[in-house]
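Residues per chain are reported as follows:
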Amino acid sequence: MLNNVNYDIDITKEPPADDTARQYYFIEKAKAYVQRESEELGRPLTFCVTTFGCQMNARDSEKLCGILEKIGYVEAAEDEADFIIFNTCTVRENANMRVYGRLGQLKPRKKKNPHMMIGLCGCMMQEPEVVEKLKTSYRYVDIIFGTHNIFKFAELIVTRFESQRMVIDIWKDTDKIVEDLPVERKYSFKSGVNIMFGCNNFCSYCIVPYVRGRERSREPKEIIREIECLAADGVVEIMLLGQNVNSYHYEYPDGRVLGFAGLLKLVAESAPEMRVRFTTSHPKDMSDETIQVIAETPNVCRHIHLPVQSGSNKVLKAMNRKYTREWYLDRIAAIRKAMPDCGISTDMFTGFHDESEEDFEETLSLMREVVFDSAFMFKYSERPGTFASKNLPDNVSEEVKIDRLNRMIALQNELSAESS
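Residues numbered from 1 in each chain as written. Predicted model: local features only at pLDDT ≥ 70, side-chain atom pairs only at ≥ 80, totals over all residues. Heavy atoms only, no water.

1. As for the pairing of strand β7 (residues 190–194)
Thinking step 1. Most of β7 sits out of view: four of its five residues are buried.
Thinking step 2. Bridge analysis of β7 against strand β10 (residues 237–241) gives five bridges, and the strand direction is parallel. Residue pairing for β10: Ser191 is matched across the bridge by Ile238. (Buried < 20%, exposed > 50% of the residue type's maximum accessible area, 1.4 Å probe, protein only. Helix = DSSP H or I, 4+ residues; strand = E, 2+ residues; numbered from the N terminus. Pairing = 2+ DSSP bridges.)

Here you go:
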């Protein structure tokens, strides 16, 4: 956000106690190490950040890039970079496999280039078994950290330069939000804006609450300040981001509470020249007030991503989604009544625990009733560490999962063609 924060930094003294000032202290200290190594090599050091997963990860990667550029690295292609960072996702198993595969490809390069560094961060690093595997089988990785302490990136780089050993810094959870660190945006005209972090929903199939931690919402004044800075920098579209964005909840010291509908209105009014979007919404928190704000506010885009996951009440209950098919359809009806032109997209997957053909047909019938503009569709893959992995057997065959997914995709394509 703010790349020009000024602190009176003296790296010969102890680091400041304030979290933001402390990180600028380590940015200056890292800058000295990077400059020294650049002079030894006779060229600038280069970096490449590769992002796996969601828009929250993409925004985190912009923060990593901002810190790296601030300490003197220059962005380059992965096959040329001196410092390679993988910002990982762990929602589906194949994401983990891709990271391990990429790490294996880097091992020969690391042997040839002793100054090269490899960093791993993100959701995958919050899984203890992953970190153990990295410690034993991928000893050439230099820095490993999770989702809660990305703000400490410069400090971890300094620790690596000074210790010359693998640095592992994983936090189980945090209520800490550190503002005003450097960010290097991927796009000049649009930007994500984190309004909250973490998730309290504990859907039975989902690993996110375990790797992203409990919900914590940013102060409204900090959100508005960031948006004003983005507007001054020419940004014309913002995406409000959160694992469950519409459960935003900020309590002021005087006891007043600001929910998502109020924040959305506040943001839109503070930046009337900007288009405002948000993702991802949870159906149980899609309130009439939020729908009304979208309908009445010209610069809030009329598109809602509202993941349904299944059309069967039995399956929704097993998923611990905390709403029914009827509630979901009521929310769709409320949106369409207020905004007939509102675009609606969704997420769905098939093959969850005990899903019968009848359950699956209920998903197809919901698709026909709603007619989504677009949908992200998957087959269920069990994630270790979730409630489902311990208590709800993955008992739908792979053959059936693939068949149902293909039928789901075919129906969505048919419905999209009919509505276009």
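Moving on from the coordinates now.
2. Thoughts on the packing of aromatic side chains
Thinking step 1. Counting across every chain of the model gives 20 aromatic pairs.
Thinking step 2. Pairing Phe260 with Phe278 gives two aromatic rings, centres 5.1 Å apart and planes at 70°, and the pair type is edge-to-face. With Phe260 in helix α8 (residues 260–270) and Phe278 in strand β13 (residues 275–279), this pair connects stretches of sequence that are 18 residues apart. One exposure class covers both Phe260 and Phe278, and it is buried.
Thinking step 3. Through a chain of ring-to-ring contacts, the aromatic side chains of Tyr73, Phe83, Phe145 and Phe153 assemble into a single cluster. (Phe/Tyr/Trp six-rings, centres within 6.5 Å; stacked < 30°, edge-to-face > 60°.)

3. Re the sheet that holds β7
Thinking step 1. Within the open sheet, the three strands sit side by side as β7-β10-β13. Their pairing is parallel. Every other strand in the sheet has two partners, leaving β7 and β13 as the edge strands with one partner each. Neighbouring strand axes in the sheet, compared pairwise and without regard to direction, differ in orientation by 25° on average.
Thinking step 2. In terms of strand pairing, β10 meets β13 through five bridges, oriented parallel. Its bridge partner being in β13, Ile238 is matched across the sheet by Val276.
Thinking step 3. Against the sheet, helix α2 (residues 55–70) engages β7, β10 and β13, with an angle of about 100° to β7.
Thinking step 4. The sheet contacts of helix α7 (residues 220–232) involve β7 and β10, and relative to β7 the element is tilted by about 170°. (Axes fitted to C-alpha atoms, helices over the stretch in contact; angles between N-to-C directions. Contact = heavy atoms within 4.5 Å.)

The quantities given are spatial measurements derived from coordinates; they are silent on function.
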